Every structure is written in structure tokens, then in C-alpha cells.
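One-letter residues, chain by chain:
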Amino acid sequence: MTALKEFARLETEGVWFSEPGAEPRPVTISFGEATLVLSDETGLPVTHWSLPALHRMNPSERPAIYAPDAEASETLEIEDDTMIGALEKVRRAVAAREPRPGRLRQGVIAGSVVLGLGLAVFWLPGALMQQTLSVVPPGKRSELGATLLGMVQKITGPTCRDPLGSEALGRMRDRLLGQGGGQIVVVPEGLAGPLYLPGGIIVLPQELVEDAEEPAEIAGHVLATVASREEHDPLDDLLREAGFGTVLKLLTTGDIPTETLQAQAVHLVETPAPRADDSLLLEEFAAAGVPIGPWARATDPDGAVSAVLVAAEPAASAGPVVSDGDWVSLQGICRG
């Protein structure tokens, strides 16, 4: 879904509690495409909440208290009537899309389920999987990615947000992926390796960033993760892990159960992204104008695989990945 057009530029102030019993923190609240974005006093996002998953914890009371899930793992207090009205309108729109007993729509959905089961039994389950993936809109992928990122942060800690480091990371993203080409974030601990979430969100571990010997090494991790996504759609991976019932639920209702997403978040944190085929890696690095050697050597201590990749590299670098100043700031992104 996309946030309501009349509220696309709506912002207000609120108070965010990162967990039950946490100290209150002032934030700026604004609409993303499918998320509610909470930013700190410097303007940097501290968390993203899925708009369709939003819960109102105290109906008809002020200040309004919202949470990103039924468990109220985080809460947000809002006084502004316009923002509250906008959020309630979104919630009503989401509720209106849910099936209601006795309506024709329920029969249509039931028929779709029967058809899906028939396909699952008598034809290729993979065909239904591909059909589901092809009809999930970008906004829904962004919503799922934002929800998964929030769940991942419950395990890894919140994304690193040093102001200078965040600006440097943004310039690296623009250099590698183009403006609007996705989002790159760094988390402090617990992540087995880089991962790619639906909606174009790349998550890097702090250790990887701080231990890198040069910018091209970090850029390489980003590009290798993008290349991996070309072979392994993160939404495809999620659905295959979750099973056929989740595929049917997404196809017929547009939703994935919260517990399924939570299990996937744990799986992602513990499981490094698969390595892409060498030909895809070389294409990705060449398109970005980044030398493959620094990344290849960092991920291949023995040197045999990296030597093959470097020898097959088709072109030289298109220039520095980031400036020297940005490189210093990037390595300190988690120290703010």
C-alpha cells in the first residue's frame, strides 16, 4: 500500500519508547511509502514501522499510543490530531481490505484458495510461488522489508546512526546503487553477514565495516549482496522457508503472519546470504566501477578464488568509492 496522498508530506512530533520501560525519546514522525518513519533530532531515522501493521493501544484517548505490533514491543505517543486522524484513516483502510463473513468477497477468496490448493496438488507448486512473487507490488515489498528490519533490530540492536557516518553511507549508496536505489544500514552486533531484505534494504554488520581495510571492501560487500539478490529473491527465500500456507495467505489476503516474519528475522540474522555466481559478481562490480580484488581477498583468505576473480575482472575502477573524509566517518558510524 502507499500512504494516503493527502498526508504524503505530513510530519509531527511524538515521544518514542524503544521498549517497555525505556526512557522516552522525542522523535519526528513522518509517512514513508508504506511505513511510518521516526527520526531523531538530527533528522536521521531511528526506526521504520509498517503502516498496515500499526496497532492503536488506547482507542479514543489522548495522547494516542501506537505500536508496530500486537505485543507493543515499542510504543509511540502522539498528541497531534491531524496525524492521529491520518493514522486512523490508514488503519480503517487496512481493516476494510480484510475479508468479512457473508460477503461475496469471502466466496471469491475461498474460491482462490481452492484453486490454489488444486494447483499445489496437481501442478507445480513452483508455478504458484512465481505467480505470487510476480504480483506482490513494490510498496508491499517495502512494507515487508521495513517490518523485517524492525524485527532484526530487536536481535542486533538499533541501526548505527552517527550523523557523519550516516551521511557518508548515504553517499556510498548513491555511488553504488544510484539515488533511490535502496537503503543501506549498519547494525551493531549479532549479524552473521550482510543480508538483503525485501524492498531493497541492505544490512551490514558493524564488525565488517570497522575491520575493512579500504572503502572498496565495504562497497564489495554491498555489491556482492546485490548480486546474491539477483539469484535469490529475498521474498522468495522467505516464502520457501515459511511454507505453502504462507504463499496462499500472501496471494489471497496480501499478508504474512507476524510469527512467520519473526522466525524469518531470526533465520536471516543467523544465516549469511548465499554467494552469487562469479559471472554475476563480475558484472555487478564492473557496472559500479569498483575493483573486485579488495572484497574477494577479504572473503577468501586462502586466495585461490580471489585470484580467479581478479584475473577475470573486465575493467579498471571508475574512481574512488568515497572520499578519505567519508571513509573515516563511515568506519565510525556506530560510535555516535
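Reading the values: the criteria
- Residues numbered from 1 in each chain as written.
- Predicted model: local features only at pLDDT ≥ 70, side-chain atom pairs only at ≥ 80, totals over all residues.
- Heavy atoms only, no water.
- Helix = DSSP H or I, 4+ residues; strand = E, 2+ residues; numbered from the N terminus.
- Contact = heavy atoms within 4.5 Å.
- Buried < 20%, exposed > 50% of the residue type's maximum accessible area, 1.4 Å probe, protein only.
- Pairing = 2+ DSSP bridges.
- Disulfide = S-S within 2.5 Å.

Section: the environment of Glu167
- When you line up the elements, Glu167 lands in helix α5 (residues 163-177).
- As a C-alpha pair, Glu167 and Ser329 span 162 residues in sequence and 8.4 Å in three-dimensional space.

Here's the deal with the side chain of His221
- Along the chain, the position of His221 falls in helix α7 (residues 215-231).
- Aside from chain neighbours lying at most four places away, what touches His221 is Pro194, Leu204, Leu208, Trp295 and Thr299.

Section: the side chain of Thr225
- Mapped onto the secondary structure, Thr225 falls in helix α7.
- The exposure class of Thr225 is buried, given its relative accessible area of 4%.
- Those residues in contact with Thr225, other than ones at most four positions away along the chain, are Pro194, Leu195, Tyr196 and Ile202.

Some points on the pairing of strand β2 (residues 25-31)
- Alignment of strand β1 (residues 11-17) against β2, held across six bridges, turns out to be antiparallel. Paired with Glu13 across the strands is Thr28, a residue of β2.
- Pairing of β2 with strand β3 (residues 35-39) involves four bridges; the strand directions are antiparallel. Looking at the pairing, Phe31 lines up with Leu36 of β3.

Here's the deal with the state of the cysteines
- Using the criterion set out here, one finds one disulfide in the structure.
- Between the sulfur of Cys160 and that of Cys334 lies a disulfide, 1.9 Å long from S to S. Around the S-S axis, the bridge from Cys160 to Cys334 shows a dihedral of about 90° and counts as right-handed. With Cys160 in the loop between α4 (138-156) and α5 and Cys334 in the segment after α14 (324-331), this pair connects stretches of sequence that are 174 residues apart.
- Cys160 gets classed as buried once you look at its relative accessible area, which sits at 11%.

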